[in-house]
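Descriptive structure summary
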Amino acid sequence: MPAGNSPECALLATVETRPDSAFAQAVLEGLAQDPPAIPARWFYDEEGSRIFEAITDLPEYYPTRTEIGILRAAMPEIAAAVGRDRAVVDYGAGALAKTPLLLRGIAPALYAPVDISGAHLRANAEALQEDFPALPIFPVEADFTRAFDLPDEVGKHPRLGFFPGSTIGNLVPSSAVDLLRSFKQTLGTGALLLIGMDRVKAPERLVAAYDDAAGVTASFNLNLLHRINRELGGDIPVDAFAHEARWNAPMSRIEMHLVARRDLSFAVEGRTFRFAQGYSIHTENSHKYTAESARLLLLAGGWTPFKEWTDPAGDFALLLARADPERMAP
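The notes below deal with the structure included here.

Analysis parameters
- Residues numbered from 1 in each chain as written.
- Predicted model: local features only at pLDDT ≥ 70, side-chain atom pairs only at ≥ 80, totals over all residues.
- Heavy atoms only, no water.
- Helix = DSSP H or I, 4+ residues; strand = E, 2+ residues; numbered from the N terminus.
- Rg over C-alpha atoms; globule rule 2.2 N^0.38 Å.
- Buried < 20%, exposed > 50% of the residue type's maximum accessible area, 1.4 Å probe, protein only.
- Areas by Shrake-Rupley, 256 points an atom, 1.4 Å probe, with all protein chains shown as cover.
- Lys, Arg positive; Asp, Glu negative; His and termini not counted.
- Charge placed at Lys NZ, Arg CZ, Asp CG, Glu CD.
- Contact = heavy atoms within 4.5 Å.
- Salt bridge = Lys/Arg side-chain N within 4 Å of Asp/Glu carboxyl O.
- Phe/Tyr/Trp six-rings, centres within 6.5 Å; stacked < 30°, edge-to-face > 60°.
- Expected span 1.5 Å × (residues − 1).
- Bend = angle between axes of the 7 residues up to and from the residue.

Secondary structure summary: the protein contains nine helices and 13 strands in total. On C-alpha atoms alone, the protein measures out to a radius of gyration of 20 Å, which is about the 20 Å that the 2.2 N^0.38 rule sets for 330 residues. Oriented by its inertia axes, the alpha-carbon framework of the protein measures out at about 60 × 45 × 40 Å. Put simply, the protein has 330 residues, and 55% of those count as buried. In the form shown here, the protein has an accessible surface area of approximately 14000 Å², with 51% of it arising from carbon and sulfur atoms. Counting 31 positive and 43 negative side-chain charges, the protein places the averaged centre of each group 4 Å from the other.

Further remarks concern the environment of R84. Within the element layout of this structure, R84 appears in the loop between helix 3 (63-82) and strand 2 (87-91). Once the C-alpha coordinates of R84 and I106 are considered, the two residues, 22 residues apart in sequence, prove to be 5.5 Å apart. Residue contacts for R84: discarding those within four places in its chain leaves I106 and A107.

Within the structure shown, the criterion is met by 14 salt bridges. Two residues, K288 and D198, come together in a salt bridge whose shortest N-O distance is 2.7 Å. Within this pair, whereas K288 is found in the loop between strand 11 (280-287) and helix 9 (291-300), its partner D198 is found in strand 6 (residues 192-198), the two being separated by 90 residues in sequence. Exposure class is identical for K288 and D198. Each is buried. Residues R199 and E308 are paired through a salt bridge, measuring 2.7 Å at the closest nitrogen-oxygen approach. Taken together, the positions of R199 in the loop between strand 6 and helix 7 (203-209) and E308 in strand 12 (residues 304-310) put the pair 109 residues apart, joining distant regions of the chain. Relative accessible area serves as the criterion here: at 11%, R199 is assigned to the buried category.

Before going further, it helps to spend a moment on the packing of aromatic side chains. Counted under the stated rule, the structure contains 20 aromatic pairs. Arranged with centres 6.0 Å apart and planes meeting at 80°, the rings of Y61 and Y210 form a pair that is edge-to-face. Note that Y61 is positioned in the loop between helix 2 (46-55) and helix 3 and Y210 in the loop between helix 7 and helix 8 (216-232), a separation of 149 residues in sequence. Here Y61 falls in the buried class, since its relative accessible area comes to 4%.

Its 20 residues place the ends of helix 3 only 23 Å apart at the C-alpha level, less than the 28 Å of an ideal helix rising 1.5 Å per residue. Remark: the principal bend of helix 3, roughly 65°, maps to A74, with a proline, P76, within the next four residues. Contact partners of the buried residues in helix 3: helix 4 (99-106), strand 5 (159-163), strand 6, strand 12 and strand 13 (316-322). Once helix 3 ends, the next one or two residues include G83, with phi positive near 85°.

This is the structure we're talking about:
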C-alpha cells in the first residue's frame, strides 16, 4: 500500500523464527536514516493485519477484489497449468478470500503458509483447516524476506509459490529481484510461482486507493507507531503524525509517509530522535507495473513467466512463472 524527503490433518505447531529483535533493528536503523524509512513488512502485527483486511473491503481499494475476480475466472486454466499434488508455499499468507480459491482449484498435497504475524497466521491456518480438514497445513512464522526453513514435508513434493496481492510492489526493484531469487532458492529449480502485480493506471485513482475517505489506511499507517510504542518502549506522540499518500511518477509507485505535524522529539529503546515539522517517515512503496516491466522483473529474479491473466479492464495481473535452470554464459 505508500513519499519522500530532500498442518497434517491436525494443525501442526508453527515453525517460528522470532522476529522481535529484527523489528527493533529495522526501526532503529530506519529512524536514523536520512530520510527516515521503515520497511512495510512491519505493518503486520495482529492489529495491522486486522486493519489491512478492512482496507481490502474499501470501495477505493480495487486490488483485492480485482485479483479475486481473476482467480475465479482463470482458475480452470491455472489448475491445468499448475497440475495437482503440489506443495503450496504461500508467502505473506493471510488473505482468506484468495487462498481457498487456489486450494480448491488445484488440489495440493499440502499447504505451508508463511507470515511474520504469528497470531494472525495461526488464526487463519486454523480457519483454513476447518474448511479443508484433509489438507496437511504447516504454518511457518517467519520474515520471508530473510532466509528461513520450510517444513521437511514440503521437500517430498513439487512446489508452487503463491505471492498474491502485489506485495512484490512494496520492494524497490533491486530488492524485489533479490526476493524473487530467494524464492527460487527456497522453492528450487522446476518450481512454479503464481504472483500478483498491480498495473500502472491514473494517479488520482491510485492515490485514492491508498488514502481512502474513511481514514482506514491512515489508521493502518499510524498503527506502526503504536506498535513501536508498545513493543519497543517508544514514547512517540502518534497524534503528532499524519498519514500521506503520494504518486512518484519517475519511480512508478505510490508512497506512504507519516508526516510530522510539528517539531517533536521521541525515544525508542532509549534512543532519541528529533523531527522537524513536515519531515516524514517513509513507510511503504507500492510499485505499479506495465506488462513488459512485470515480465522483466520476473526474468531478472530467475523466473520465466509463461502464463498471464488479467481482469477485463487490465487493472491487475496474475503471472505464472517457472524456476528454470540458470543459463551458462557462452
